[in-house]
Amino acid sequence: MNAEDFIAQLVSETGLTQEQGITANSIFESTFLAGNKNKDFIVQQLMERLGVDESQANLIYEVGVGILATGILGKLKKRIFGR
């Protein structure tokens, strides 16, 4: 999944503007996602840079991680099963 696809899906699922989607994407791209500590950091960054509350930032985080996980699983399935 490329950045444009990620942004489009994130915007679609969260109601963010395109500009906010681009900003959220840059936060995800610049932060290693593993670990709860990074989740807290990403949520904080989303709150500060997008001007959203903690609940909305958590939703954006969860949707973003879900999109990324789906994209990674899709790539693995293609490699393993050739589909």
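For the structure, see preceding data.
Predicted model only: the values in this text are computed from it and were never measured. (Residues numbered from 1 in each chain as written. Predicted model: local features only at pLDDT ≥ 70, side-chain atom pairs only at ≥ 80, totals over all residues. Heavy atoms only, no water.)

Caption draft 1: Structural view of the overall build of the chain. Secondary structure assignment for the chain yields four helices and zero strands. When the helices and strands of the chain are placed in sequence order, the string is α-α-α-α. Looking at the 83 residues of the chain, the share that counts as buried comes to 31%. In the chain, the proportion of contacts linking residues at least 24 apart, taken out of those at least 6 apart, comes to 40%. Within the structure as shown, the chain displays about 5,400 Å² of accessible surface, and the carbon and sulfur contribution to it stands at 53%. (Helix = DSSP H or I, 4+ residues; strand = E, 2+ residues; numbered from the N terminus. Buried < 20%, exposed > 50% of the residue type's maximum accessible area, 1.4 Å probe, protein only. Contact = heavy atoms within 4.5 Å. Areas by Shrake-Rupley, 256 points an atom, 1.4 Å probe, with all protein chains shown as cover.)

Caption draft 2: Examining the packing of aromatic side chains more closely. Under the counting rule described, the total for this entry stands at two aromatic pairs. With a centroid separation of 6.2 Å and an interplanar angle of 25°, the aromatic rings of Phe-28 and Tyr-61 are classed as stacked. Taken together, the residues Phe-28 in helix H2 (residues 18–30) and Tyr-61 in helix H4 (residues 54–81) connect sequence positions 33 residues apart. Judged on exposure class, the residue Phe-28 and its partner Tyr-61 are both buried. Site record: aromatic cluster; members linked through ring pairs are Phe-6, Phe-28 and Tyr-61. (Phe/Tyr/Trp six-rings, centres within 6.5 Å; stacked < 30°, edge-to-face > 60°.)

Caption draft 3: The pattern of salt bridges, seen in detail. For the structure shown, the criterion picks out one salt bridge. Here Glu-62 ties to Lys-39 by a salt bridge, and the two come within 3.3 Å at their closest N and O atoms. Taken together, the positions of Glu-62 in helix H4 and Lys-39 in helix H3 (residues 36–50) put the pair 23 residues apart, joining distant regions of the chain. (Salt bridge = Lys/Arg side-chain N within 4 Å of Asp/Glu carboxyl O.)

Caption draft 4: Here's a closer look at the packing of helix H1 (residues 3–14) against H2. The geometry of H1 relative to H2 is characterised by a closest axis approach of 9 Å and an angle of 120° between their N-to-C directions. In terms of axis orientation, H1 runs oblique to H2. The two elements H1 and H2 cross, and the hand of that crossing is right-handed. Contacts from Ala-3, Phe-6, Ile-7, Leu-10 and Val-11 in H1 reach Gln-18, Gly-21, Ile-22, Ala-24, Asn-25, Phe-28 and Glu-29 in H2. (Axes fitted to C-alpha atoms, helices over the stretch in contact; angles between N-to-C directions. Parallel < 35°, antiparallel > 145°, perpendicular 65-115°, else oblique. Left-handed = near helix turned anticlockwise from the far one by under 90°.)

Caption draft 5: Structural detail: the environment of Leu-46. Position of Leu-46 relative to the elements: it lies in helix H3. What makes Leu-46 buried here is its relative accessible area of 0%. Ignoring anything within four residues of it in the chain, the contact list for Leu-46 reads Ala-24, Ile-27, Gly-51, Val-52, Ala-57, Ile-60 and Tyr-61.

Caption draft 6: Just the side chain of Asn-25, in detail. As for its position among the elements, Asn-25 is in helix H2. Assessed through its relative accessible area of 8%, Asn-25 is described here as buried. In this view, Asn-25 contacts Ala-3, Phe-6 and Ile-7; residues no more than four positions away in its chain are not counted.

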